Structures are given as structure tokens and as C-alpha cells.
Amino acid sequence: MKSNLVTDTSFMKNKYDIPDHFSEDKLQELIERASYLSDEIKRVEYDNEDHTLVIHHHPQLSTKISESLAKLIHSIQRMKLIAPTVLESNVDSIPSKRVKQTEKAIHAELDVLDESKMQLLSKIDDLIKKIGASRQPITRNYPTFLSDHNLKKNKYHIHFPQNIVALYQMPHDYTLIESVRQKNNGDHILHEHMKSSGGILRPCICYHVYEELEHSSTDSAMYSSAGTCFRNEVPWKLDAFRKKEFNMREFVVVGSEEEVKRTRNEMIQEVWSLFNYLGLEGKIESATDPFFFSGDMNKITHQLMAEAKYELKYKRQNGSYSSIASFNFCGDHLCDAYDITHKESGQHLYSGCIAFGLNRWMSAIIDYYGEDPAAWPIVLQ
Ligand SMILES: [Zn+2]
């Protein structure tokens, strides 16, 4: 730790050294991951003048954060990062029709959708459904709750614990409920009396499809389902594109390795056409999942080398990129975990999912064209 810059009653700004030889990619990983070291961190910035990480946090946490940060830096140092493969890009090559945004519009949380935004969200979903329609997917509506049984299969809680949002419920215990009622005049919320309901709120849609197919045999299938998903995002990073609660549509494909890869690649092209048709600026490139622990860091290298994941990244008004769709090839590991096999050979099938952050598509349209529906592409008006 270098120095203590500012101290006030609630938090301080501390500077932390970064190893000299950190590449730009590793630096980005570090800035992204450092936000998750503690809930008490209020901001993470990079100071390029003296190559340090500036972390705003509660003063009592200095030692704890120094220790966790040292571990994080050590694991990132050992990662082998390779440059992403850019499949498609129209960055700086399309005539920009961007409207000048007010600060308010750019940072709008958009948690309450008015009539025009509800319609926009539903029209975006209609366009995305059309992309899957030619493949006649099986459509489903699943619960938002993901059971412990399901978690044990997909191991989300092991690889991405930082994203988990779970539910609590009041135990059906007459004595407890009566005593809580007697002690409470109504001003107090009852969190400490509740217990876990088991399971979590779903972070994505596809695990329900695998659960439905568990211990079954088929040759190939595509499922389509949409709904609300939840992720425990860092509060100070929330904005129009990053929400704790959001709508997602996913297409899940199971079949042979060749079929799953072909479908994913075809859909990459179809989604890229839609993105261009809507006049948006961005790129499709290989990407990785935000694994949390250093033991999983080598999976990141593996994902990049295997090109297991591509993301469509919209270039925002502020110059940063937000992923609005992902195209995932999961190999046979999820079909293996859920025991989904080929009906003749008995071998585990391969799978993939194509996921769309519907609220992010909506925010991209508003970020690019503004709030007035008359300025949006005709197909969305
Ligand atoms: Zn998925």
C-alpha cells in the first residue's frame, strides 16, 4: 500500500502498487475484479501517472483489502491471456446518427419502464424471437427460482458466487411469529428471523432447460425461453446497462458437436445482421466468463483458446462497450452434468446457448437514438 490520500468519516482513498510488467489486459482484469473484494469498496480507479490502483473503502478494511488484493494480483499474474478474436466490427465505420444525450439519460437507471419502453422491450424481443423461429424452438416459461438440486449440477455457486442473489422466507413457526409480532411496532423489517428458502434466484435461463432434459435422450433440440434474471452487481457500477434484475431471452441448443457449433455460428451472423439493421455501433469478439477464484483462472485461457464464448458488444455514447448478447459453446460438460444423451448412441450430447440481455438492447437503442420513439428505427416504433 502506498499512501492514504483522503480520510473522511465513512471512507478513505488508498493507493495500491501494481506490478510494473502488468499488460493492459491484465490491468483491466484487475480493475474489474478488485470491485468484488469487499462490499465496503465504493470505487476502484486506475491512476496511470504512478501506475497504482486507487480504491475507496472503509478505513478499517485496509489490511483485509491489502491481503485480498495481493492474492488477486498474484493469480492474475499467472493467467495466460490471449488477445480476443474479433469476428465482426463496424466501429467507426458507420455514419453516426447518435443524438446528444443529457447526463440524466445516459445514467438513467430505467428501473421503471413506462409505456414506450415496455413496447420497445417487447418489440426487441419479437425481433430476437424471429431469429430463432426458423429453427422451430420448443418454447417454455420457467420459474425464477433455481433449486439447490439444479445448482449442484451446474456449479454456478462455485464458479460465480459473487453474482448470487437468493431468497429468504419466514419460518412457519407460531411461537417465533407471535414473539416477533409482539416485539415489533411495524418499523422494523424482519430479516434476522427469516431463513434461506434454499436455491437462488436464477442468474440466467438456460439451467432450467438442462434441468427439464435431465436424464433424458434425444438427438437434437432447441429451446427458447425468456424472463427475469438476477445478479448481485456492485452497487456503484449499476447504470442503464448494468442491473441487478433484468430480462433475458435464451435459445438453448443440444445436439452433436457439429450441429451445436453450426447453429451458434449461423446465429452469430443473423444477430450481427439485426444489429446492423438497427444501425447500432459495435463488434463481436471472443470473450470469457467472470470466474471468481484463482483456481478458475486457467478456464479463462481455455475459453479464449477454444473460442467457447463470443459476445456482441455495443459501443456506448461514453465510449465504453457493453455486452448485449453472448454466443456460448458449452462442449459436452453440461449435458454430462445433467446426463443428457443421444437417443441411439447413448453418448452425452453437446450444447450451447445464445443469450440476449433484452434491457441492454433497449438501453442501446435509447443510448444511440435518444428517448423519443419517433427517432428509433421504424421496426421498433
Ligand atoms: Zn445460458
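**Brief notes about the overall build of the protein chain**
Working step 1: Each helix and strand in the protein chain was counted, giving 12 helices and 18 strands.
Working step 2: Each of the 381 residues in the protein chain was classed as buried or not, and the buried ones make up 28%.
Working step 3: Put simply, of all contacts in the protein chain between residues at least 6 apart along the chain, 71% involve residues at least 24 apart.

**Some details on the environment of histidine 208**
Working step 1: Mapped onto the secondary structure, histidine 208 falls in helix α8 (residues 206-213).
Working step 2: Measuring from C-alpha to C-alpha, the distance between histidine 208 and proline 143 comes to 8.4 Å, with 65 residues separating the pair along the chain.
Working step 3: Ignoring anything within four residues of it in the chain, the contact list for histidine 208 reads Tyr142 and Ser225.

**Observations concerning the sheet that holds strand β18 (residues 350-357)**
Working step 1: Judged by pairing direction, the sheet is mixed, and its eight strands sit side by side in the order β5-β14-β15-β16-β18-β13-β12-β6 without closing on themselves. With one partner strand each, in any of the chains shown, β5 (86-89) and β6 (138-140) form the two edges of the open sheet. The average angle at which neighbouring strand axes cross in this sheet is 20°, direction not considered.
Working step 2: Here α8 sits on the sheet and contacts β12 (221-230), β13 (245-255) and β18; the angle it forms with β13, its principal contact strand, is near 40°.

**Regarding the environment of threonine 263**
Working step 1: Counting through the fold element by element, threonine 263 comes out in helix α9 (residues 257-277).
Working step 2: The sequence separation of threonine 263 and glycine 352 amounts to 89 residues, and the corresponding C-alpha distance is 8.9 Å.

**What to know about the confidence of the model for the protein chain**
Working step 1: Residues at a pLDDT of 70 or more form 90% of the protein chain, whose mean pLDDT is 87.
Working step 2: In the model, residues 1-8 has pLDDT below 50 throughout and makes 17 contacts with residues more than four positions away in sequence or in other chains.

**A look at the nonpolar core**
Working step 1: With 55 residues, the main nonpolar core has Cys206, Tyr210, Val252, Trp361 and Ile365 as its most contacted residues.
Working step 2: The leading source of residues in this core is helix α12 (residues 358-369), at eight residues.
Working step 3: Leaving out residues up to four positions away in the same chain, tryptophan 361 has contacts with Ile124, Ile324 and Phe356.
Working step 4: Of all hydrophobic cores here, the second largest spans 10 residues; its members include Ile18, Leu30, Leu53 and Ile65.

**What to know about helix α1 (residues 24-34)**
Working step 1: Looking at α1, one finds that the buried residues are Glu29, Leu30, Arg33 and Ala34. Taken down its axis, α1 places every buried residue within 115° of arc, on the same side.
Working step 2: Tucked inside the fold, the buried residues of α1 contact β3 (43-47), β4 (52-57) and α2 (62-78).

**Some words on unusual backbone geometry**
Working step 1: The residue glutamine 136 is not glycine, and still its phi comes out positive at about 45°.
Working step 2: Mapped onto the elements of the fold, glutamine 136 is located in the loop between α4 (115-133) and β6.

**Focus on the pairing of β4**
Working step 1: Burial along β4 is one-sided: Leu53, Ile55 and His57 are buried, while Thr52, Val54 and His56, pointing the other way, are not.
Working step 2: As judged from the six bridges shared by strand β2 (residues 12-17) and β4, these two strands associate in the antiparallel manner. Following the sheet pairing, tyrosine 16 is matched in β4 by leucine 53.
Working step 3: The pairing of β3 with β4 spans five bridges and is antiparallel. Looking across to β4, one finds that aspartate 47 is bridged to threonine 52.

**With respect to the environment of arginine 33**
Working step 1: Examined against the element boundaries, arginine 33 turns out to sit in helix α1.
Working step 2: For arginine 33, a count of 20 C-beta atoms within 10 Å puts it in the buried group.
Working step 3: Expressed as a C-alpha distance, the spacing of arginine 33 and valine 44, which sit 11 residues apart in the sequence, is 9.6 Å.

What counts, and at which threshold
- Residues numbered from 1 in each chain as written.
- Predicted model: local features only at pLDDT ≥ 70, side-chain atom pairs only at ≥ 80, totals over all residues.
- Helix = DSSP H or I, 4+ residues; strand = E, 2+ residues; numbered from the N terminus.
- Buried ≥ 20, exposed ≤ 12 C-beta atoms within 10 Å, placed from the backbone.
- Contact = placed C-beta atoms within 7 Å.
- Pairing = 2+ DSSP bridges.
- Axes fitted to C-alpha atoms, helices over the stretch in contact; angles between N-to-C directions.
- pLDDT = per-residue confidence, 0-100.
- Core = buried A, V, L, I, M, F, W, Y, C linked by C-beta atoms within 7 Å.
- Arc of directions from axis to C-beta.

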